[in-house]
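Now for the letters of each chain:
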Amino acid sequence: MHQLKLKTTQRDQIIDISPQCADFVASQDLTEGILLVYCPHTTAAISVNENYDPDVKSDMLRFMRDLIPQNAGFDHAEGNSDSHIKAGLFNFSQAFIVADGKIQLGQWQGVYFMEFDGPRHRTVWLKGMAG
Amino acid sequence: MHQLKLKTTQRDQIIDISPQCADFVASQDLTEGILLVYCPHTTAAISVNENYDPDVKSDMLRFMRDLIPQNAGFDHAEGNSDSHIKAGLFNFSQAFIVADGKIQLGQWQGVYFMEFDGPRHRTVWLKGMAG
Amino acid sequence: MHQLKLKTTQRDQIIDISPQCADFVASQDLTEGILLVYCPHTTAAISVNENYDPDVKSDMLRFMRDLIPQNAGFDHAEGNSDSHIKAGLFNFSQAFIVADGKIQLGQWQGVYFMEFDGPRHRTVWLKGMAG
């Protein structure tokens, strides 16, 4: 599998990784199939979102901070139970269709890495399956 | 890949697309493998739910409307940040096992398109993988 | 496909099924590919989480109980609409990369069955895809 390396700069942050996903598919002998984008962490997620208006990303992060506050009386000593819950709700991987040698995204869709416990050095795993 | 066309009639709505998914698998030379059901939008989702009591769907939509109100002080000018968040939480695709030429669902499961910003014309992408 | 059988003992409970997933991959002629872990129920989910501090699991379950109370004025006669919503938010399946004949998990990751309407006898379906 292929690995992307990311460096996040805030506690919660949404980073567009669509270009790296497209580059990976282009680098493979993968005309038709699927692409699995997988997050090997437990406090970050992979999701899909609008890639046009940046307000969507800031609205989403602020809403999630209010819904699941960092200090909501959690027991976990690391103080990031909120991050684990947010990551679980958004999911740790996303699968995409590959056709004509390209990742197929809807018109407004981008692939996003969702940091919920940064800043950290992070990795994303990419796996193509032909078929 | 195959495309389903849907027309939703309400702002939020849960539509059973299990028959179309089953028909697609039956139309393919796909005996064993997986089926990826993918939503190419950013304000709608694909999920799985009980296909028996319609109260489950209305309970779910009402709870999500209360949890993430449309007018929760969001900045996004289109007024549908709530829809983006709901779609992200329910996920943009679901993968299913295909065995003996049929999509494998649990006894009470159906495949559902979840509209969070209708009414709109919507598309669902279906991709079978043999293996 | 392969079936795991589980018996849950509480209404909500998070059970580590990583060993069974690893055993399944080892039992297959599957060197490179993906593993789909699928929950055929509508009130339980498959997710990924930290496999180290048990406080993460109890924090998560308590938060979800408070966020989506069992008696939140739901109509569904079975009294488990909260369970359906929680399962939908955490997702019914997870896909994992298989490389060198092993399921690839991040350092702190485990595969978890998430019960939201137990205690019950439950089944998990496992499907390997080579590629």
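Quick caveat: nothing in here was measured; it's all calculated off a predicted structure.

**Section: the packing of aromatic side chains**
Each aromatic ring pair is characterised by the separation of its centres together with the angle its planes make.
At step 1: For the structure on display, the rule yields 15 aromatic pairs over all chains.
At step 2: Taken together, a centroid distance of 6.0 Å and an interplanar angle of 45 degrees make the contact between Phe63 of chain A and Phe74 of chain B tilted. Of this pair, Phe63 of chain A sits in helix α2 (residues 54–67) while Phe74 of chain B sits in the loop between α2 (54–67) and α3 (81–90), on two different chains.
At step 3: For Phe63 of chain A, a relative accessible area of 11% translates into the label buried.

**Structural notes on the interface of chain C and chain A**
At step 1: With 32 residues of chain C at the contact, the number on the chain A side is 27 residues.
At step 2: In total, chain C and chain A occlude about 2,500 Å² of area from one another, counting both sides; carbon and sulfur atoms represent 63% of this.
At step 3: Contact with chain A buries surface across chain C, with Asp59, Phe63 and Ile97 of chain C losing the most and accounting together for 24% of the total.
At step 4: At the junction of chain C and chain A, the tally comes to one salt bridge.
At step 5: Taken together, the links from chain C to chain A amount to 12 residue pairs in polar contact (both at pLDDT 80 or more).
At step 6: For the side of chain C that touches chain A, the elements supplying multiple residues, two or more each, are β3 (33–38), β4 (44–50), α2 (54–67), α3 (81–90), β5 (93–99) and β8 (121–130) of chain C.
At step 7: Broken down by element, the residue count for the side of chain C that touches chain A peaks at eight residues, all from α2 of chain C.
At step 8: A class-by-class count of the residues in the side of chain C that touches chain A yields 16 nonpolar, 10 polar and six charged.

**Points about the relation of the copies chain A and chain B**
At step 1: Mapping chain A onto chain B leaves a residual RMSD of 0.0 Å; the transformation is a rotation of 120 degrees accompanied by 0.0 Å of translation along its axis. Accordingly, the operation relating the two chain copies is best matched by a three-fold axis. Proximity to the rotation axis, assessed at the C-alpha, singles out Leu89 of chain A in chain A; its C-alpha lies 3.2 Å from the axis.
At step 2: Looking at the interface residues of chain A, only 16% of them are also at the interface in chain B, so each copy uses its own face.

**Some thoughts on empty space enclosed by the protein**
At step 1: Applying the stated criterion to the full structure yields one cavity of 30 Å³ or more.
At step 2: Mapped onto the lining of the largest cavity, the elements with two or more residues apiece are β3 (33–38) and β5 (93–99) of chain A, β3 (33–38) and β5 (93–99) of chain B together with β3 and β5 of chain C.
At step 3: In terms of residue class, the lining of the largest cavity is made up of 10 nonpolar, nine polar and no charged.

**Let's talk about the sheet that holds β3 of chain A**
Residues and elements named next belong to chain A.
At step 1: Taken together, the five strands give an open sheet; going across it, the order is β1-β8-β3-β5-β6, and neighbouring strands pair in antiparallel fashion. In this open sheet, the two edge strands, each paired with only one partner strand, are β1 (2–7) and β6 (102–103).
At step 2: With six bridges connecting them, β1 and strand β8 (residues 121–130) associate as antiparallel partners. Across the sheet, the residue bridging to Gln3 is Trp125, located in β8.
At step 3: On top of the sheet, helix α1 (residues 18–27) reaches β1, β3, β5, β6 and β8; it is set at about 40 degrees to β8, its chief contact.

**Description of the packing of α2 of chain C against α3 of chain C**
All names here are of chain C.
At step 1: Two elements in contact, α2 and α3, have axes whose closest approach is 11 Å; the angle formed by their N-to-C orientations is 125 degrees. Between α2 and α3, the angle falls in the class oblique. Relative to α3, the crossing made by α2 is right-handed. Mapping the contact onto sequence places Met60, Met64 and Arg65 in α2 and Lys86, Leu89 and Phe90 in α3.
At step 2: Looking at the contact of α2 with α3, its residues break down into four nonpolar, no polar and two charged.

The rules behind these values
- Residues numbered from 1 in each chain as written.
- Chains lettered and ligands numbered in written order.
- Predicted model: local features only at pLDDT ≥ 70, side-chain atom pairs only at ≥ 80, totals over all residues.
- Heavy atoms only, no water.
- Phe/Tyr/Trp six-rings, centres within 6.5 Å; stacked < 30°, edge-to-face > 60°.
- Helix = DSSP H or I, 4+ residues; strand = E, 2+ residues; numbered from the N terminus.
- Buried < 20%, exposed > 50% of the residue type's maximum accessible area, 1.4 Å probe, protein only.
- Contact = heavy atoms within 4.5 Å.
- Buried area = accessible area lost by both parts, 1.4 Å probe.
- Salt bridge = Lys/Arg side-chain N within 4 Å of Asp/Glu carboxyl O.
- Polar contact = N/O pair within 3.5 Å; in protein donor to acceptor, adjacent residues only side chain to side chain.
- Nonpolar A, V, L, I, M, F, W, Y, C, P; charged D, E, K, R; others polar.
- Least-squares fit on C-alpha atoms with pLDDT ≥ 70 in both.
- 1 Å grid on protein atoms, 1.4 Å probe; cavity = no way out; pocket = protein on both sides within 12 Å on 5 of 7 lines; lining within 4 Å.
- Points joined across faces, edges and corners; volume = space filled by probe spheres on them.
- Pairing = 2+ DSSP bridges.
- Axes fitted to C-alpha atoms, helices over the stretch in contact; angles between N-to-C directions.
- Parallel < 35°, antiparallel > 145°, perpendicular 65-115°, else oblique.
- Left-handed = near helix turned anticlockwise from the far one by under 90°.

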